[in-house]
Amino acid sequence: MPPFLRRFAALLLLPALAARAEEVDLSDTCLKLAAVQEPDVDVAKMKEALAALEAKAKKRLEGVKEPREVVAGLNEVLLLDRKVSYISNKYWRDSTLAASVLRGQGNCLSTSTLFAVIGQRLGLPIHAVTVPGHAFARFDDGKTRINIETTNRGVEMTDAYYRSMGSWSDEDAAAIGHGLTLSSAQFASLLHSYAGRHLVSLEKHTEALAQIDAALKLWPANEEYALERLGMLYDGLGKRAEALKGYQRLAKEAKSPEIRARSLVGIANDLQATDRNEEALDVLRRAFHDAPKSALPAVLTEMAASYRTLRRFNEALTTQDLALAATFQPEADDYTLLAIYYKNANLLDDAIRCLKHSVERNPEDWNTRLILAGYLIRGKRDDEGWELFKTVQKPPVDEQFYETNMAWFFGSVGKKKEFLEHLGNALDLATEPSILNYIKTEVDFDKFRDDAEFKALVEKHRKRLMEKR
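Here's what I pulled together on the structure shown here.

## Description of the overall build of the protein
Part 1: Along the protein, the regular secondary structure elements total 24 helices and 6 strands.
Part 2: What you see for the protein is a C-alpha radius of gyration of 24 Å, in line with the 23 Å of a compact globule of 469 residues.
Part 3: Dimensions of the protein, computed from the C-alpha atoms along their principal axes, are close to 80 × 55 × 40 Å.
Part 4: Considering only residue pairs separated by 6 or more positions, the protein has 59% of its internal contacts joining residues 24 or more positions apart.
Part 5: With the model as given, the accessible surface of the protein reaches about 21800 Å², and the carbon-plus-sulfur share is 52%.
Part 6: Taken as two groups, the 65 positive and 69 negative side-chain charges of the protein have centres that lie 2 Å from each other.

Put into structure tokens, the structure is as follows:
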């Protein structure tokens, strides 16, 4: 057999090999992680709900053998009869099994988890599949393969449709699992990874690292988790040297082109944090040259950030616009980020238009509403802006992010006292010097550059934070 055919045949076998891997009880995994992500969740009620769904699905599928009839029956029980609604917000609570089971709503990961869990409990070949920015379920018995789009009433979609989301390579499929039929162990590892990301948002970095280590134990060859672990070391645990060494190793040795590109982004982020943006752009150009389509938005977004810091605002806007164009299904946050670049390019009306589009997509995002309130006030629409500001409440996670953005808001609208108060709170919470670079380069802080109180506040924290380098 020619080498290229042997390689293609090996890739076709990957889903079947994954399905035969060591089994992990997905119900047990989800119930344990529910308590990690939602301490107040009623685990007993979740167990009852799962048992009831299992019994209903088992009854519905009595005598059903044909694969597409099996899928149709599961769609009825898990989606249509229960009127499960799909929401596109990426908030952690929408990603959990509890969202679909207890609240009747969830994002693509939550609804796909429901299918994988019930499928396993019934002994059916129903598995989860992940692709860049999305998850879905799949019937795969080694002979018949049916993709189940859980965010659209369970309709069958082609492999080509999902490929269009990121056009990942065969190397990405093998190294990080894009498009593969995931075994229970592989999918359980992904659920641990998502729990880790949630714990990072709560600034519980040691616990987050434990979750990513659990993910790696279940799927040690997955380079995605190795990269996530480096991010936790860098951002949460202050182990910069160790993280950078890991980024450099992955940038050279990772089998996945996506991971190599994202590792270079990690290196560029470190350069940006110390205001070495020209060097960061050189690294990002390398990443852009080799990045698969799925990694292009991340690379372009970081390039835009460096252009913004260098105050090359037109280049920043163009690059961020290209990042949005390279994203298969842009989220609310993508439009929020583009709005910031429109504002910096003195196109305030376009910025407000983008932010309103973002709010329509995700009305729960306090940060987007805060930015929109600030832009409306700057656009002489004071009443509308202050009324929107009243809707902003402090979130239960990401306190430093909240304080930093509140400082931006009050600085942007010229409220010096409140600006310094929130900036001081953000600096007190900061453990990494990247906040110093943000303060140095934020255009809307320019009016305070010569202010004695502002300069004293920043200098008070500079030595402590720079010692982290």
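## Notes on helix H16 (residues 313-325)
Part 1: Over its 13 residues, H16 extends 18 Å from the first C-alpha to the last, a length consistent with the 18 Å expected when each residue adds 1.5 Å.
Part 2: The complete set of buried residues in H16 reads Phe313, Ala316, Leu317, Thr319, Gln320, Ala323 and Leu324.

## Details of the sheet that holds strand E4 (residues 134-140)
Part 1: Strands sit in the order E3-E4-E5-E6 across an open sheet of 4 strands; the sheet is antiparallel. The open sheet is flanked by strand E3 (126-131) and strand E6 (155-156), the only strands paired with a single partner.
Part 2: For E3 and E4, the ladder comprises 6 bridges, and the chain directions are antiparallel. Paired with Thr130 across the strands is Ala135, a residue of E4.

## Side note on the packing of aromatic side chains
Part 1: A complete count under the given rule lists 15 aromatic pairs for this structure.
Part 2: Summarising the aromatic geometry, the rings of Phe136 and Tyr162 are spaced 3.6 Å apart at their centres and angled 10 degrees between planes, so their arrangement reads as stacked. Placement of Phe136 in strand E4 and of Tyr162 in helix H7 (residues 159-163) is noted, with a sequence separation of 26 residues between them.
Part 3: Residue classification places Tyr162 among the buried positions, given a relative accessible area of 1%.
Part 4: Of the aromatic side chains, those joined through ring pairs into one cluster are Phe419, Tyr438, Phe445, Phe448 and Phe454.
Part 5: Sitting over the ring of Tyr194, Arg197 keeps its end group 4.3 Å from the ring centre.

## Concerning the packing of helix H13 (residues 257-273) against helix H14 (residues 277-290)
Part 1: Where H13 meets H14, the axes come as close as 8 Å, and the angle between the chain directions of the two elements is 175 degrees. It follows that H13 is roughly antiparallel to H14 by the angle criterion. On the side of H13, the interface is formed by Pro257, Ala261, Leu264, Val265, Ile267, Ala268, Leu271 and Gln272, while H14 contributes Asn277, Glu279, Ala280, Val283, Leu284, Arg286, Ala287 and Asp290.

## Details of helix H2 (residues 26-37)
Part 1: Spanning 12 residues, H2 covers 16 Å between terminal C-alpha atoms, matching the ideal 16 Å at 1.5 Å per step.
Part 2: Taken together, the buried positions of H2 are Leu26, Ser27, Thr29, Cys30, Leu31, Leu33, Ala34 and Gln37.
Part 3: Against the buried residues of H2 lie helix H3 (43-60), helix H5 (97-102), helix H6 (108-121), helix H9 (184-201) and helix H10 (205-218).
Part 4: Where H2 begins, the capping side chain belongs to Asp25, and its oxygen is found 3.0 Å from the backbone nitrogen of Ser27.

## Describing the pattern of salt bridges
Part 1: One pass over the structure, following the stated rule, counts 31 salt bridges.
Part 2: In this structure, the salt-bridge partner of Glu279 is Arg276, at a minimum N-O distance of 3.1 Å.
Part 3: Given the relative accessible area of 37%, Glu279 is considered partly exposed.
Part 4: For Arg276, a relative accessible area of 35% gives the class partly exposed.
Part 5: For Asp282, the salt bridge goes to Arg285, with nearest N and O atoms at 2.9 Å. With Asp282 and Arg285 both in helix H14, this residue pair falls 3 residues apart, about one helical turn.
Part 6: Since its relative accessible area comes to 46%, Asp282 is described here as partly exposed.
Part 7: Residue classification places Arg285 among the partly exposed residues on the basis of a relative accessible area of 36%.
Part 8: Salt bridges sharing partners connect three or more residues here, namely Arg138, Arg145 and Asp159.

## Looking at unusual backbone geometry
Trans is the prevailing form of peptide bonds, just as negative phi is the prevailing case for residues other than glycine.
Part 1: Even without being glycine, Arg311 reaches a positive phi, approximately 60 degrees.
Part 2: Note that Arg311 resides in the loop between helix H15 (296-309) and H16.
Part 3: With a phi angle near 65 degrees, Asn346 is a residue other than glycine that sits in the positive phi range.
Part 4: When you line up the elements, Asn346 lands in the loop between helix H17 (332-344) and helix H18 (348-361).
Part 5: Residue classification places Asn346 among the exposed residues on the basis of a relative accessible area of 69%.

Cut-offs and rules
Residues numbered from 1 in each chain as written. Predicted model: local features only at pLDDT ≥ 70, side-chain atom pairs only at ≥ 80, totals over all residues. Heavy atoms only, no water. Helix = DSSP H or I, 4+ residues; strand = E, 2+ residues; numbered from the N terminus. Rg over C-alpha atoms; globule rule 2.2 N^0.38 Å. Contact = heavy atoms within 4.5 Å. Areas by Shrake-Rupley, 256 points an atom, 1.4 Å probe, with all protein chains shown as cover. Lys, Arg positive; Asp, Glu negative; His and termini not counted. Charge placed at Lys NZ, Arg CZ, Asp CG, Glu CD. Expected span 1.5 Å × (residues − 1). Buried < 20%, exposed > 50% of the residue type's maximum accessible area, 1.4 Å probe, protein only. Pairing = 2+ DSSP bridges. Phe/Tyr/Trp six-rings, centres within 6.5 Å; stacked < 30°, edge-to-face > 60°. Lys NZ or Arg CZ within 6 Å of the ring centre and 35° of its normal. Axes fitted to C-alpha atoms, helices over the stretch in contact; angles between N-to-C directions. Parallel < 35°, antiparallel > 145°, perpendicular 65-115°, else oblique. Polar contact = N/O pair within 3.5 Å; in protein donor to acceptor, adjacent residues only side chain to side chain. Salt bridge = Lys/Arg side-chain N within 4 Å of Asp/Glu carboxyl O.

Just geometry here; none of it tells us what the structure is for.
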